[in-house]
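So you can see what is in the structure, the chains are spelled out below.
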Amino acid sequence: MALWAEIKKRRVFPWLGAYIAAGFLVLEGVDQAVGNGILPALGYRLVLVFYLFGIAGTTLAAWFHGEKGAQKPQAKEIWMQVILLVGALGVCYTVIQDYRSRAATAAEAAEAGLDPTRVAVLYFEDYSEGELAYLADGLTEALIDELSRVRALDVISRNGVAPYRGSDLSPDSIARILETGSLIEGSVEQRGDAYRVTARLVDGVSGADFQRQSFDLPAGDLFSIQDSLAAEVSRFLRERLGEEVRLRERRAATASPEAWAFVQRAERLRKDAEASLGHDDYAAGLAAFANADSILTLAETIDPDWVEPMVLRGNIAYRRARLAESAAEFEGWTAAGLGHADRALAVEPNDAEALELRGTVNYATWVLLRPADPDEAALLLQSARADLEAATDADPTLASAYSTLSHLYYQVHDVPAVVLAARRAYEEDAYLDLAPQILLRLFNGSLDLEQFAQADRWCLEGTRRFADDHRFVICQLRLMTTPAVEPDVNRAWNLVASLDTLAHDPYYQIEGRMMAGGALARAGLADSARAVLDQSRGMITHEIDPDQELLTVEAFQRTLLGERDLAVELLRRYAAANPGHFDGTSAAAWWWRDLQGHPGFQELMGAGR
């Protein structure tokens, strides 16, 4: 009791309270400065060290000077304060050395071409023989969403990591493929009435574990599991990168763990359905879609204000529509998809994914089952465009909506918008299922706009990523007929030879030969070019090219030879076979520039209007 009385007399607690409150405000200020990039992350750590040692220093000062009146410093007090200062400086030295070590590791990764701030969250493993597969997937995707909103990180999307679910590839091999310096792996298992979640941060250069942590939480407390996982991973990344990794507050979703679990189960079934369809097992795929829809109905019942189950049901309905074998079946499924979208928008009028769903369904209807009434068709396309644009306004990271918009803009001849939307789609998610098509839109759109350097860039990117896709062989040949690259005859013929293996459709093989003829023309080998073009035309049959599209390909190559009369004749034959296709808009393209003054071409343009 005497000690307690002495503490009260020396006013130790008021001194400590004042110090802790003032120090907390200082820490908050430094934290904000670090978060906004005014101070380096190291600054917060150093201030925190002095703050913690300052608690002991303040306690000593209160003990020796807390009584009323003036007290002279004592030698004992001075030596104790000096010891604390030396201790603080020692800890600071350790913190600085650790920070430098982390920075050196990051520099080593950068030298290897792998940026540690580029992160891939691999799908967590389920150690329960399938019972917790839905939870493993749900935690993975929730973590990807959380980290994707951190500005300091470049996080690989779900589409990017999905191919490596259950892969036998080593972590460093996956890191090299995805070009990531940091990998996050994990597992989920059940232990009695609790779930054990293990998270590992893996170095992308060496494949070695950088950090590892496990934690157990009650099986029913799914949201606490998400929070604990996110906090642990943010700590891993903070230690690895030497800077704060601030996870933003999770977007409001459902307050029901049961509804969340049902949605994750349904999402797992949807993936199983797609896998079955990929193996041509349509019966199993359709059954899995039906089971997923039933489970989502339960989630809706539990939480009728949560739009995600409605949107997922709409996406399943849209997928079923694309698998329809008749117009009536297509209409039935699209009507169901629109119904789910409308219900979701009644709850959340600006929900980006619901707007995208409605816009995508309407656009698919316009493309595949266009109304006969032109006014009705125009209204349908306008509605689809408005919804898709509203979706990207509500969520500027919605890559799939940008992808659909880029296709839609081609229908209204807005090529600059095509390129911008395709670029946004690729920037937001380079691993979309439609990534090859997006790259081709970027290539074609850039070429249409005479942005040859950009066209070359997108063709090379497509070739790098999709070397077995014949369309990127075609784009390389097409570039040789433009000012984008110098014609290389040997390379052109090597590319044509590769089409025999990659392109099973003879249309593309003939198209490639014609473009090789154009490369020969640009190389000054006019006779060889003519021979190749004449031979290629002789290979065409109605079955290979029913719409006679290859006439336009040959026509352009003929302009490179200066054979304008023949080019116009070929275009005239194409226009006769495709009334209305060769109009003033298409005829004004740069590749017909050499024909602009030709009387026959001018006549053809007038007839097309």
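Higher on the page you've got the structure.
Values in this document were obtained by computation on a predicted structure and should not be read as measured data.

Let us look at the overall build of the protein chain. When you go through the protein chain residue by residue, the secondary structure sums to 26 helices and six strands. Long-range pairs, those at least 24 residues apart, make up 63% of the contacts in the protein chain with a sequence separation of at least 6. Accessible surface computed for the protein chain: about 29,700 Å², of which carbon and sulfur atoms make up 54%.

It is worth spelling out the packing of helix H13 (residues 352-368) against helix H15 (residues 399-411) at this point. Where H13 meets H15, the axes come as close as 11 Å, and the angle between the chain directions of the two elements is 35 degrees. Considering the relative orientation of H13 and H15, their crossing is left-handed. On the side of H13, the interface is formed by Glu356, Thr360, Tyr363 and Trp366, while H15 contributes Ser400, Ala401, Thr404, His407, Leu408 and Gln411. Considering only residue class, the contact of H13 with H15 consists of four nonpolar, five polar and one charged.

On to the state of the cysteines, then. Under the defined criterion, the tally for this structure stands at one disulfide. A sulfur-sulfur distance of 1.9 Å marks the disulfide that ties Cys459 to Cys475. Of note, the bridge from Cys459 to Cys475 carries an S-S torsion of about 85 degrees and is right-handed in sense. Separated by 16 residues along the polypeptide, Cys459 in helix H18 (residues 452-465) and Cys475 in helix H19 (residues 470-479) bring together distant segments of the chain. Summarising the burial analysis for this pair, Cys459 and Cys475 share the class buried.

As a further point, take the pairing of strand E6 (residues 209-218). In terms of strand pairing, strand E5 (residues 194-203) meets E6 through nine bridges, oriented antiparallel. Its bridge partner lying in E6, Thr198 is registered against Ser214. Connecting the antiparallel pair E5 and E6 is a turn made up of five residues, with Gly207 showing a positive phi of about 80 degrees.

Looking now at the packing of aromatic side chains. To describe a pair of aromatic rings, one takes the distance between the centres and the angle between the planes. In the structure shown here, the tally under the stated rule is seven aromatic pairs. A centroid spacing of 6.1 Å and a plane angle of 20 degrees characterise the contact between Phe466 and Phe472, whose relative ring orientation is stacked. In terms of burial, Phe466 and Phe472 fall into one category: buried. Ring centres of Phe556 and Trp590 lie 6.1 Å apart, and the angle between their planes is 85 degrees; this geometry places the pair in the edge-to-face category. Of the two residues, Phe556 sits in helix H23 (residues 550-560) while Trp590 sits in the loop between helix H25 (584-587) and helix H26 (599-608), which places them 34 residues apart along the sequence. Each member of the pair, Phe556 as well as Trp590, carries the same accessibility label: buried.

Considering the arrangement of structural elements, one finds Asp137 in helix H5 (residues 133-148). For Asp137, the side chain forms a polar contact with the side chain of Lys271, separated by 3.3 Å. With residues up to four places along the chain from it excluded, the contact list for Asp137 reads Tyr123, Arg165, Arg268 and Lys271.

Within the structure shown, the criterion is met by 32 salt bridges. We note a salt bridge from Lys271 to Glu141, for which the minimum N-O separation is 2.3 Å. Of the two residues, Lys271 sits in helix H9 (residues 257-278) while Glu141 sits in helix H5, which places them 130 residues apart along the sequence. Residue Lys271 shares its accessibility class with Glu141, and that shared class is buried. When the shortest N-O distance is used, the salt bridge between Arg343 and Glu300 registers 2.7 Å. With a gap of 43 residues between them, Arg343 in helix H12 (residues 327-347) and Glu300 in helix H10 (residues 282-302) connect regions that are remote in the sequence. Its relative accessible area of 32% is what places Arg343 among the partly exposed residues. With relative accessibility at 13%, the residue Glu300 sits in the buried group. If you follow the salt bridges from partner to partner, you end up with Asp137, Glu141, Asp145, Arg158, Arg165, Arg268, Lys271 and Asp272 in one network.

Assignment of secondary structure puts Ile302 in helix H10. Among the residues examined, Ile302 registers a relative accessible area of 39% and is labelled partly exposed. Residues Ile302 and Ala259, 43 residues apart in the sequence, show an inter-C-alpha distance of 6.0 Å. Beyond its immediate stretch of four places on either side in the chain, Ile302 contacts Ser256, Glu258, Ala259 and Phe262.

Take the pairing of strand E1 (residues 118-121) next. Both faces of the sheet carry side chains from a regular strand, because those side chains alternate between them. Burial along E1 is two-sided: the face carrying Arg118 and Ala120 and the face carrying Val119 and Val121 are both buried. Across two bridges, the pairing between E1 and strand E3 (residues 154-155) is parallel. Looking at E3, one finds that Val119 is bridged to Val155. Both E1 and strand E4 (residues 182-191) contribute to a ladder of three bridges, which runs parallel. Bridging across to E4, Ala120 finds its partner in Leu183.

Right, let's get into a nonpolar patch on the surface. On the surface, Ile78, Trp79, Val82 and Val86 cluster together into a nonpolar patch covering about 420 Å² of accessible area. Among the secondary structure elements, Val82 is positioned in helix H4 (residues 75-111).

Axis separation between H9 and helix H11 (residues 308-322) bottoms out at 11 Å; the angle between their running directions is 15 degrees. Comparing the axis directions of H9 and H11 gives the class roughly parallel. In this structure, H9 crosses over H11, and the sense of that crossing is left-handed. Two secondary-structure elements touch here, H9 through Val263, Glu267, Arg270, Glu274 and Leu277 and H11 through Glu308, Pro309, Leu312, Ile316 and Arg319. For the contact of H9 with H11, a count of residues per class yields five nonpolar, no polar and five charged.

With that settled, consider H10. Under the 1.5 Å per step criterion, the end-to-end length of H10 is 31 Å for 21 residues, consistent within 8% with the ideal 30 Å. Every buried residue of H10 is accounted for by Gly285, Ala288, Phe289, Ala292, Ile295, Leu296, Ala299 and Glu300. Here the buried residues of H10 occupy an arc of 150 degrees about the axis, which is enough to place them on one side. Residues of H10 that are exposed and angled more than 90 degrees away from the buried face: Ala283 and Thr301. Structurally, H10 contributes buried residues whose contacts are with H9, H11 and H12.

Side chains of residues three or four places apart in an α-helix project in the same direction, reflecting 3.6 residues per turn. Taking 1.5 Å of rise per residue, 17 residues should cover 24 Å, and helix H21 (residues 506-522) covers 25 Å from first to last C-alpha, within 8% of that figure. Most of H21 is tucked away: 13 of the 17 residues are buried. Of the residues that open H21, the one with a side-chain oxygen 2.9 Å from the backbone nitrogen of Tyr507 is Asp505.

Calculation notes
- Residues numbered from 1 in each chain as written.
- Predicted model: local features only at pLDDT ≥ 70, side-chain atom pairs only at ≥ 80, totals over all residues.
- Heavy atoms only, no water.
- Helix = DSSP H or I, 4+ residues; strand = E, 2+ residues; numbered from the N terminus.
- Contact = heavy atoms within 4.5 Å.
- Areas by Shrake-Rupley, 256 points an atom, 1.4 Å probe, with all protein chains shown as cover.
- Axes fitted to C-alpha atoms, helices over the stretch in contact; angles between N-to-C directions.
- Left-handed = near helix turned anticlockwise from the far one by under 90°.
- Nonpolar A, V, L, I, M, F, W, Y, C, P; charged D, E, K, R; others polar.
- Disulfide = S-S within 2.5 Å.
- Buried < 20%, exposed > 50% of the residue type's maximum accessible area, 1.4 Å probe, protein only.
- Pairing = 2+ DSSP bridges.
- Phe/Tyr/Trp six-rings, centres within 6.5 Å; stacked < 30°, edge-to-face > 60°.
- Polar contact = N/O pair within 3.5 Å; in protein donor to acceptor, adjacent residues only side chain to side chain.
- Salt bridge = Lys/Arg side-chain N within 4 Å of Asp/Glu carboxyl O.
- Patch = residues over 30% accessible without salt bridge, like charges linked within 9 Å, V, L, I, M, F, W, Y side chains within 5 Å.
- Parallel < 35°, antiparallel > 145°, perpendicular 65-115°, else oblique.
- Expected span 1.5 Å × (residues − 1).
- Arc of directions from axis to C-beta.

This is a description of form; function is not addressed.
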